[in-house]
Amino acid sequence: MTKPDRAGRVDDADPDLYPDADGPGLDYDVVVAGASLAGSAAAILLARRGARVALLERRSDPDAYKTLCTHSLTASAYPVLEELGLVAALEEAGAVRNHARWHTRWGWIEPRAAPTGPALPYGYNIRRSILDPLIRSRAGQTPGVDLLLGHQVTGLLRNAGRTAGVRAATPHGEREIRARLVVGADGKDSAVATFAEVPSRSYENTRFGYLAHFRNLPLPGGAGHAWFLEPDMA
C-alpha cells in the first residue's frame, strides 16, 4: 500500500523486493530517463513531493533542445506551466502569448470567456532553444533532483521480475542506478519502453508537415488561425 511518510515522501517499496530500501544500496526513489519537457516537469513535481530523483539526459550539453517542433504551447498547458513556476520566467525570456481560431467542417471554434467567468488562459510561442534549457535548468535547481547529463540508458536492472533501476553509459563508463520507480520520458522510440518490453502499436502515417516562421504577419485580432480541411490542415 502506498502512503506518505512524515516528510511527505511516498513509500511504496516492497521490503521483500528491496530489503535495503532505506540503505546505501538504493540510489534514488525515481529515475527519470530524458531531461526534456516531460522528464524535467516530472522530476520537479516528484521532488517537490519528497522523492529523490535522478534525471538522466543522454546529451552532455545542458543547452540541448528539440528542433522538430511547432515551438508553440497551447492554452491547455498554462496550468502546468503555472504549477512548475515557469510563467514569469517564460515571459522574461521573450515568450509571446498566443490565441487561436480553428476552422472545422462544423464551423469556427473561437474560445470565449463566459460573461461572468474568469479570463481564458493563453498559450505561448517560444523557441525550444529557449524553453528546453530553461525547464532543464529549473529541474536541476530543484532540491531533491540530481541532473545527470551525458547519461544514456543502456538497460534496466531487475529484482524478482520487477524493474529496480537502470544501467547507463556515461562519459566515465557504465554505471548502475537503483530506484523504486523508472520513468521513461525519452520520447519516440523510447529505449526504456523497449527494454521493459512494453507492447507497442504502429499506424501508417502518410501526412507530413512544413513549418516556417514569419515576422510582421497581419492576423485579425492577433490570433493564430488553423483550418482543418480533412484530411489536410493549414
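Model, not experiment: these values are computed from the prediction. (Residues numbered from 1 in each chain as written. Predicted model: local features only at pLDDT ≥ 70, side-chain atom pairs only at ≥ 80, totals over all residues. Heavy atoms only, no water.)

Below, the discussion takes up the overall build of the protein. Broken down by element type, the protein carries five helices and 14 strands. Looking at the protein as a whole, 34% of its 234 residues qualify as buried. Put simply, of all contacts in the protein between residues at least 6 apart along the chain, 66% involve residues at least 24 apart. Split by element, the accessible area of the protein, about 15300 Å² in all, is 54% carbon and sulfur. (Helix = DSSP H or I, 4+ residues; strand = E, 2+ residues; numbered from the N terminus. Buried < 20%, exposed > 50% of the residue type's maximum accessible area, 1.4 Å probe, protein only. Contact = heavy atoms within 4.5 Å. Areas by Shrake-Rupley, 256 points an atom, 1.4 Å probe, with all protein chains shown as cover.)

The backbone of alanine 160 shows a phi angle near 55°, a positive value even though the residue is not glycine. With respect to the element layout, alanine 160 can be found in the loop between strand E11 (152–159) and strand E12 (162–170). With a phi close to 60°, aspartate 189 is a non-glycine residue in the positive phi region. You can see aspartate 189 is positioned in the loop between strand E13 (173–184) and helix H5 (191–195). What makes aspartate 189 exposed here is its relative accessible area of 65%.

We now examine the nonpolar core. One recurring pattern in soluble globular proteins: nonpolar side chains tend to sit buried together. Residues Val53, Leu55, Leu81, Leu90 and Tyr124 are the most contacted members of the largest nonpolar core, which totals 28 residues. Going through the elements one at a time, strand E3 (28–33), helix H1 (37–48), strand E4 (53–57), helix H2 (78–84), helix H3 (87–92) and helix H4 (128–140) are the ones with two or more residues in this core. Sequence-distant contacts of leucine 55, defined by excluding residues within four places in its chain, comprise Val32, Gly34, Ala35, Gly39, Ser40, Ala43, Ala139, Val145, Asp146, Leu147 and Leu148. Formed by 14 residues, the second largest nonpolar core is a distinct cluster that contains Ala33, Ala179, Val182 and Val192. (Core = buried A, V, L, I, M, F, W, Y, C linked by side-chain atoms within 4.5 Å.)

The way to describe two aromatic rings as a pair is by their centre distance and the angle between their planes. What the rule picks out here adds up to four aromatic pairs. Consider the rings of tyrosine 78 and tyrosine 122, whose centres lie 5.3 Å apart with planes at 70°: the pair is edge-to-face. Taken together, the residues span a long stretch of sequence, with tyrosine 78 in helix H2 and tyrosine 122 in the loop between strand E8 (107–109) and strand E9 (123–125) at a distance of 44 residues. When the ring of tryptophan 102 is compared with that of phenylalanine 228, the centres are 5.8 Å apart and the planes differ by 25°; the resulting orientation is stacked. Of this pair, tryptophan 102 sits in strand E7 (residues 100–104) while phenylalanine 228 sits in the segment after strand E14 (224–227), and the two are 126 residues apart along the sequence. Judged by relative accessible area, tryptophan 102 falls into the partly exposed class, the value being 32%. The partly exposed category is assigned to phenylalanine 228, whose relative accessible area is 33%. One aromatic cluster in this structure is built from Tyr78, Tyr122 and Tyr124. (Phe/Tyr/Trp six-rings, centres within 6.5 Å; stacked < 30°, edge-to-face > 60°.)

Read from one edge to the other, the open sheet built from three strands follows the order E8-E7-E14, with strand pairing classed as mixed. Both edges of this open sheet fall to E8 and E14, since each of them pairs with a single strand only. Mean inter-strand twist for the sheet, computed between neighbouring axes without regard to direction, equals 20°. By the bridge criterion, three bridges tie E7 to E8 in an arrangement that is antiparallel. The residue bridging histidine 103 from the neighbouring strand is tryptophan 108, located in E8. (Pairing = 2+ DSSP bridges. Axes fitted to C-alpha atoms, helices over the stretch in contact; angles between N-to-C directions.)

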